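Understanding the architecture of this molecule
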Amino acid sequence: MPEPKNIEICVLRYHPEHDPEPAWRSYQVPCTDDMSVLQGLQHIKDEIDGTLGFRWSCRMAICGSCGMMVNGKPRLSCQTFLRDLQPGPVRIEALAHLPIERDLIVDVGEFVNKLEAIKPYLIPREPRTLAEGEYLQTPAQLERFEQYTSCINCMLCYAACPEYGLNRDFIGPGVIALLHRYNADSRDGGQAQRQPILNAEEGVWSCMAVGYCSEVCPKQVDPANAVNQNKAVSARDYFLRFLAPKGAAP
Amino acid sequence: MDVAEVDVAIVGAGGAGLRAAIAIAESDPSLSVALISKVYPMRSHTVAAEGGAAAVTQAHDTLEAHFHDTVAGGDWLCEQDVVEYFVGQAHQEMVQMEHWGCPWSRKPDGHANVRAFGGMKIERTWFAADKTGFHMLHTLFQTSIRYPSIRRFDEHFCVDLIVEAGRVQGLLAIEIASGGFRLIRARSVIIATGGAGRVFRENTNGGIVTGDGMALAYRHGVPLRDMEFVQYHPTCMPGTGLLFTEACRGEGGFLLNKDGYRYLQDYGLGPAEPTPRNKAMELGPRDRLSQAYWHEKRKGRTLSGPHGEVVHLDLRHLGEKRLRERLPQIYELAVQYLGVDPAAAPIPVLPAVHYTMGGISADGLTAAPLAGLYSAGECSSVGIHGANRLGSNSLTELLVFGRVAGMEAAAYARTVPHGAPTKIGALAEEARARALAILARPSGGERIATLRREMAQSMEDGCGIYRTAAAMQATCDKLAELQQRYRRVQIDDRSRVWNTEWLLAIELGFLLDVAQAIAHSALSRRESRGSHQRLDGFAERDDAHFLKHSLAFHDGDGPPRIAYGPVKITRSQPGTRAYGAAGEQADAERRAREDVHA
Ligand SMILES: Cc1cc2nc3c(=O)[nH]c(=O)nc-3n(C[C@H](O)[C@H](O)[C@H](O)COP(=O)(O)OP(=O)(O)OC[C@H]3O[C@@H](n4cnc5c(N)ncnc54)[C@H](O)[C@@H]3O)c2cc1C
Ligand code: SF4
Ligand code: FES
């Protein structure tokens, strides 16, 4: 085992049953070079203070559970290493902009409601039976949307988004990226059904094009790019509504 | 107590639970479904599966070949009629996933691509880059949103099943955010809670993979079948156990010892050729590869690292471009977690616990020997994995048997009424009191983490890659001691809102029960088969005595009672399990024999 040295981890604690407001607490954690922030928190929970609350599962940056603010930046704690934060102290808070349920645990329900609202499933362009086999899709067609399929719903981009900080009705970068994922899929024909959501006040036009969402995204989804592409679509859609009579093909 | 009433309740919203829910909703929208999960569905551990899902696809492949690979891979402890159904349904399920939008990797002509996988004779593993489980899980979750009859109970932790009048009639769950209880009454229940890898120290599993559903069924008298069979995956990250998918080897990666030698050729897996040949060398089955590591370590031919002895997974010859295209997540893991650029240096790896072959005893239609109860996915022992699972069969299993469980549970639900509310309510109150008692324990007891660590270490010591009676007995004794100490487990947190320590304490109880089922089943099996390998005079397979499923029955406060049940053999008589050149010869001989009979 590598020789551990101590690092100070400060956690913004909050328990709705007895705390009037969040408050910082500090812990000394033995730390080796290969330890993640998540492992640091697990050490606190296991050995020092079992009341600390945080979500985690996979430990490998794929389940999307463990997002939090690490020294003021939205990060996956399982993918952030204490060695890069030496000499400390390391400051850990719940993801910004989201309601805190307890300690580092934020409300995910609002995000999931938005995700559900955009019809995040294939609405086939042409029906096909199982006996007919798979839809054909070339690697080039796949590439057009593949990056947007990589979103792990970690919500780091929401914590990064200044517009979402001001207006929690904004559907936000991650969900727009998912919407774009289906619209850009060669098998899908549901764009018209999803368009009203984008055009609405809480849709793409809320975005102030800061781009911090893409910077913090741990999976290179580039949600800002999805938002931008859809601003173009949304503008065209708006324009066409005046040109083409309803129901006519553009 | 809050009460919800549905037709079918599903515990677990990973691949298996979601597939079951969709099957019910599609076939009969009038049936109400409760989908209960202790995490949001997309956090379920299916998300971590990397390599792919098997289904016969190419023109030169046959169902017969997939059947034989699976049965021989399982060292003939598979239910052969169930395997036959499984291989027959697999392709249709892959196409169904494609129709639901799963971004399968493609060939230039637009068809889904397949890759090689360990123990599979012909390339038949569908994949979505190296994030297959992630894409399957998100596709299923997002597709499930279409169906209004599926009512989700996200972040609800199931603490007990309600069994009344000889059949399961619902379950009790804690709503994690409030700490309140919710009784979910149902005509039938499907358990789809995943594996139990967390009973071992070094493992590839997420923190939530704690065998809950297995323990729930077990406590209500349902036997756990073939629990001694636990799969070690040969290529994991030292320290954390995180997985480097078998696809690394499917793409052509080598395993090297400290001399840079492809040591697998010394263990009946050769000849060593520069490109991968299916069912040979690095593409041999996982049990054989993990065992070879153990021998190399004993011979002093491994390398010492900060977290133990390692061998090298060498991907350098594949080149950065191919690695980034075919194994992007592996690339990222190696760079970020280990500081190793796999295009420039070999990756240090060692075996870690990966998969529980056994599980809740189920017939070929997923029904447990308790009326109204069904199981699917890794928690279930429907009979396709035998003594060793082949990689990429389990993602397919989630789909094939998730669907079957949904259909069967729905059919059963139509035939029975809801039970008497007063009786069910009373049972729920008792279960609630038991769960709350943990919160009321006096302080000064044992710490959860201490017990968990001792259990996991003991399981590794006694039920690892190679086993002896003495070491297994020591583990059984240790587990009995830990069960005693568990009664004094103490928690710091006595509040209700998001009390994760409380849930950890309940999970530890599940883990200990499952650990006992594993250790006692292992001790009782006096032979070597698949992943269960003994060194103490039982080094051979013994079909005369042990071509049988083990069944672990919960037995009050004592250790489990172990019984045995028959194995269904249809077409494939137990033969020699051989790989590499020897395997090809054995295959040819088998075919010649079958031609004579045909
Ligand atoms: C790292 C890794 C890679 C793998 N790669 C492959 C591969 O390439 N190919 C392959 O075929 N297989 C692979 N496997 C195996 C395969 O992924 C798993 O067997 C499979 O995903 C399990 O799915 P499941 O639906 O049974 O359970 P899970 O996906 O684990 O879901 C379990 C569900 O049950 C819920 N749950 C559990 N307990 C409770 C409770 N008490 N109350 C409420 N809800 C509960 C959880 O919240 C979750 O929703 C891999 C496994 C691992 C760990
Ligand atoms: S877009 Fe990126 S940051 Fe936003 S939720 Fe998805 S993975 Fe997370
Ligand atoms: S624990 Fe799963 S993303 Fe960090």
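Treat the numbers as computed from the prediction; the structure is a model and nothing was measured. (Residues numbered from 1 in each chain as written. Chains lettered and ligands numbered in written order. Predicted model: local features only at pLDDT ≥ 70, side-chain atom pairs only at ≥ 80, totals over all residues. Heavy atoms only, no water.)

Things to note about the domain arrangement of chain A
All names here are of chain A. According to the domain assignment, chain A consists of domain 1 (5-106) and domain 2 (109-243). The centre of domain 1, based on its C-alpha atoms, is set 30 Å off from the matching centre of domain 2. Domain 1 puts 18 residues into the contact, and the matching count from domain 2 is 16 residues. Of the roughly 1200 Å² buried between domain 1 and domain 2 on both sides combined, carbon and sulfur atoms contribute 67%. Of all residues in domain 1, P74, H97 and L98 bury the most surface against domain 2, accounting for 45% of the area lost on that side. Our enumeration of links across domain 1 and domain 2 arrives at zero salt bridges. Remark: the boundary between domain 1 and domain 2 carries four residue pairs in polar contact (both at pLDDT 80 or more). Mapped onto the side of domain 1 that touches domain 2, the elements with two or more residues apiece are β3 (67-70) and β4 (73-76). When residues of the side of domain 1 that touches domain 2 are assigned to their parent elements, the largest contribution, four residues, is made by β4. A class-by-class count of the residues in the side of domain 1 that touches domain 2 yields twelve nonpolar, four polar and two charged. (Domains from an automatic or database assignment. Contact = heavy atoms within 4.5 Å. Buried area = accessible area lost by both parts, 1.4 Å probe. Salt bridge = Lys/Arg side-chain N within 4 Å of Asp/Glu carboxyl O. Polar contact = N/O pair within 3.5 Å; in protein donor to acceptor, adjacent residues only side chain to side chain. Helix = DSSP H or I, 4+ residues; strand = E, 2+ residues; numbered from the N terminus. Nonpolar A, V, L, I, M, F, W, Y, C, P; charged D, E, K, R; others polar.)

What to know about the site of ligand 2
Taken together, C151, I152, N153, C154, M155, L156, C157, C217, P218, V221 and P223 of chain A make up the full set of residues adjacent to ligand 2. Of the residues contributing to the shell around ligand 2, the split by class is ten nonpolar, one polar and no charged. (Near = heavy atom within 4 Å.)

Side note on the site of ligand 1
Residues and elements named next belong to chain B. Within the structure, ligand 1 sits among 38 residues, and S44, T46, E378, S394 and L395 are positioned closest to it. Between ligand 1 and A13, the relevant distance is 2.9 Å, taken from an oxygen atom to a main-chain nitrogen or oxygen of the residue. Protein contacts shield 98% of the accessible area of ligand 1, which totals 1000 Å² for the unbound molecule. Those elements giving two or more residues to the shell around ligand 1 turn out to be α1 (15-27), β2 (33-37), β7 (156-164), β15 (347-356) and α10 (393-415). No other element matches the four residues that α10 contributes to the shell around ligand 1. Considering only residue class, the shell around ligand 1 consists of 14 nonpolar, 19 polar and five charged. (Areas by Shrake-Rupley, 256 points an atom, 1.4 Å probe, with all protein chains shown as cover.)

Things to note about the interface of chain A and chain B
The interface is formed by 67 residues belonging to chain A together with 68 residues belonging to chain B. For the pair chain A and chain B, the summed buried surface comes to about 5600 Å²; carbon and sulfur atoms form 51% of the total. Taking the shortest distance from any N to any O, the salt bridge between R452 of chain B and D46 of chain A comes out at 3.1 Å. Seen at the junction of chain A and chain B, the total is 42 residue pairs in polar contact (both at pLDDT 80 or more). Counting residues per element, the ones that place at least two in the side of chain A that touches chain B are α1 (37-48), β6 (100-102), α2 (109-117), α3 (139-146) and α6 (173-183) of chain A. It is α1 of chain A that contributes the most residues to the side of chain A that touches chain B, five residues altogether. The class makeup of the residues in the side of chain A that touches chain B is 31 nonpolar, 18 polar and 18 charged.

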